[in-house]
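Results of the structural survey
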Amino acid sequence: MFFPVCIDIENKKCLVIGGGKIAYKKIKTLSRYNSDITVIAEEIKEEKIREIGNIDIREKRFSDENLREYMLVVAATDDKELNEEIAEFCIKNNILVNNVTSKNKMNVRFGAILEDEDYQILVSSHGKNCKNSKKLRDEIKNIIK
Ligand SMILES: C[C@@]1(CC(=O)O)c2cc3[nH]c(cc4nc(cc5[nH]c(cc(n2)[C@H]1CCC(=O)O)[C@@](C)(CC(=O)O)[C@@H]5CCC(=O)O)C(CC(=O)O)=C4CCC(=O)O)c(CCC(=O)O)c3CC(=O)O
Ligand SMILES: NC(=O)C1=CN([C@@H]2O[C@H](COP(=O)(O)OP(=O)(O)OC[C@H]3O[C@@H](n4cnc5c(N)ncnc54)[C@H](O)[C@@H]3O)[C@@H](O)[C@H]2O)C=CC1
């Protein structure tokens, strides 16, 4: 079961596997919290990844990287089986892992975030409907603005 918490990832090693649109979205989120990001992708398909700066980009196929070095791993390839294998390994080894091609096969889900200097709000739909999470986040934004 997923316990909603706030975790400090500043300067912590985070690995994003994949270099497409969705990897970019996840990297942007992680970079907002000053994490130490490495990206492994066979091909950087989303060029905006290169513009983020201060991230270590390795253009190669994912193979035998030592995932134990990382606090958080994001499996963001378009290969569902590979993402699942990565997630299974991380779950077994107590590494935080997010999997973009699943609702449940991970131990960390991203949510729809709303924050300013006074609060942080995250909406999650238990993985069931991320569009609803986004919608509720935007409704809350309207209530508190
Ligand atoms: C389980 C989870 C795992 C995770 O990714 O963490 C997950 C999984 C999947 N998302 C999919 C699709 C889309 N996700 C979005 C958007 C967001 N998705 C996010 C979170 C989560 N998505 C986690 C659960 C969150 C919760 O509990 O509510 C948000 C909240 C946060 C973020 O991603 O950072 C962010 C919005 C917030 C923001 O924008 O601020 C959009 C729309 C868009 O991008 O605008 C689409 C296209 C929809 C369409 O068009 O139908 C697919 C199907 C892929 C396919 O089958 O093609 C899967 C896989 C599956 O469902 O199996
Ligand atoms: N969780 C979420 O919020 C969402 C998830 N998705 C899902 O996310 C997945 C990824 O989407 P996009 O980024 O648009 O795909 P994409 O096709 O643009 O990018 C896939 C990336 O994975 C890399 N890759 C594939 N196999 C690899 C390997 N063995 N080693 C290293 N890199 C590898 C590719 O080189 C590429 O950089 C899709 O399957 C999509 O259905 C889509 C929308 C939202």
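Residues numbered from 1 in each chain as written. Chains lettered and ligands numbered in written order. Predicted model: local features only at pLDDT ≥ 70, side-chain atom pairs only at ≥ 80, totals over all residues. Heavy atoms only, no water.

1. Here's the deal with helix α3 (residues 80-92)
Quick reminder of the rule: Strands are runs of DSSP state E lasting at least two residues, helices are runs of H or I lasting at least four, and both sets are numbered from the N terminus onward. Here the expected length of a helix is defined as 1.5 Å per residue gap, with one fewer gap than residues. A simple rule labels every residue: compare its accessible area, found with a 1.4 Å probe on the protein chains alone, to the largest value its type can have, and call it buried under 20%, exposed over 50%, or partly exposed in between. Here, the arc refers to the directions that run from the helix axis to the C-beta atoms. Residue contacts are counted whenever heavy atoms from the two residues lie within 4.5 Å of one another. Two N or O atoms count as a polar contact when they lie within 3.5 Å, although within protein this holds only if one can serve as hydrogen donor and the other as acceptor, and sequence-adjacent residues are included solely when both atoms are side-chain atoms.
Under the 1.5 Å per step criterion, the end-to-end length of α3 is 18 Å for 13 residues, consistent within 8% with the ideal 18 Å. Within α3, the full set of buried residues consists of L82, N83, I86, A87 and C90. One side of α3 holds all its buried residues, which, seen down the axis, span an arc of 135 degrees. Of the exposed residues in α3, those oriented more than 90 degrees away from the buried face are K80, E81, E85 and K92. In this structure, the buried residues of α3 make contact with β1 (13-17), β4 (72-75) and β5 (96-99). In this structure D79 caps α3, since a side-chain oxygen of it lies 3.2 Å from the backbone nitrogen of E81. Where α3 terminates, the next one or two residues include N94, which has phi positive at roughly 55 degrees.

2. Digging into the sheet that holds β4
Threshold: Paired strands, in this sense, are two strands between which DSSP finds at least two bridges. Orientation is described by lines fitted to C-alpha atoms, with helices fitted over the stretch in contact, and by angles between N-to-C directions that extend from 0 to 180 degrees.
Taken together, five strands build an open sheet; the order of strands is β3-β2-β1-β4-β5 and the sheet is parallel. Strand pairing shows two members of the sheet lacking a second neighbour, β3 (56-59) and β5, which therefore form its edges. Taking the axes of each pair of neighbouring strands and ignoring which way they run, one obtains an average angle of 15 degrees across the sheet. Sitting on the sheet, α3 is in contact with β1, β4 and β5, with an inclination near 160 degrees to β5.

3. Let's talk about the side chain of E46
As a reminder of what qualifies: Positive residues here are Lys and Arg, negative ones are Asp and Glu, while His and the chain termini are left out of the count. Salt bridge, as applied in this entry: a Lys or Arg side-chain nitrogen positioned within 4 Å of an Asp or Glu carboxyl oxygen.
Structurally, the position occupied by E46 is in the loop between β2 (36-41) and α2 (48-52). In this structure E46 is buried but unpaired, with K48 as the nearest side chain of opposite charge at 4.6 Å. Once you skip the residues sitting within four places of it in the chain, E46 turns out to touch G19, G20, K21 and Y24.

4. Observations regarding the confidence of the model for the protein
We count it as follows: pLDDT measures the predictor's confidence residue by residue and takes values from 0 up to 100.
Confidence in the prediction for the protein averages 97 pLDDT; 100% of positions are at 70 or higher. Both scores are given for the predicted complex: the pTM is 0.97, the ipTM 0.97.

5. Remarks on the site of ligand 1
Applicable threshold: In these notes, residues near a molecule or strand are those with any non-hydrogen atom within 4 Å of it. For the accessible areas, the method is Shrake-Rupley and the probe is 1.4 Å, while residue cover comes only from the protein chains on display.
Residues in close proximity to ligand 1 total 22 residues, the closest being K26, K103, S125, S133 and K134. At a separation of 2.7 Å, an oxygen atom of ligand 1 approaches a polar side-chain atom of K26. Within the complex, 64% of the 1,100 Å² of free accessible area of ligand 1 lies under protein. Only α1 (21-32), β5 and α4 (130-144) provide two or more residues apiece to the shell around ligand 1.

6. Quick look at the pattern of salt bridges
Two side chains that carry opposite charge are able to pair once their charged atoms sit near each other. Summed over all chains, the structure comprises 10 salt bridges. For the salt bridge of E42 with R61, the shortest nitrogen-to-oxygen distance reads 3.2 Å. Of this pair, E42 sits in the loop between β2 and α2 while R61 sits in the loop between β3 and β4, and the two are 19 residues apart along the sequence. Across the pair R137 and D138 runs a salt bridge, and its minimum N-O distance is 2.9 Å.

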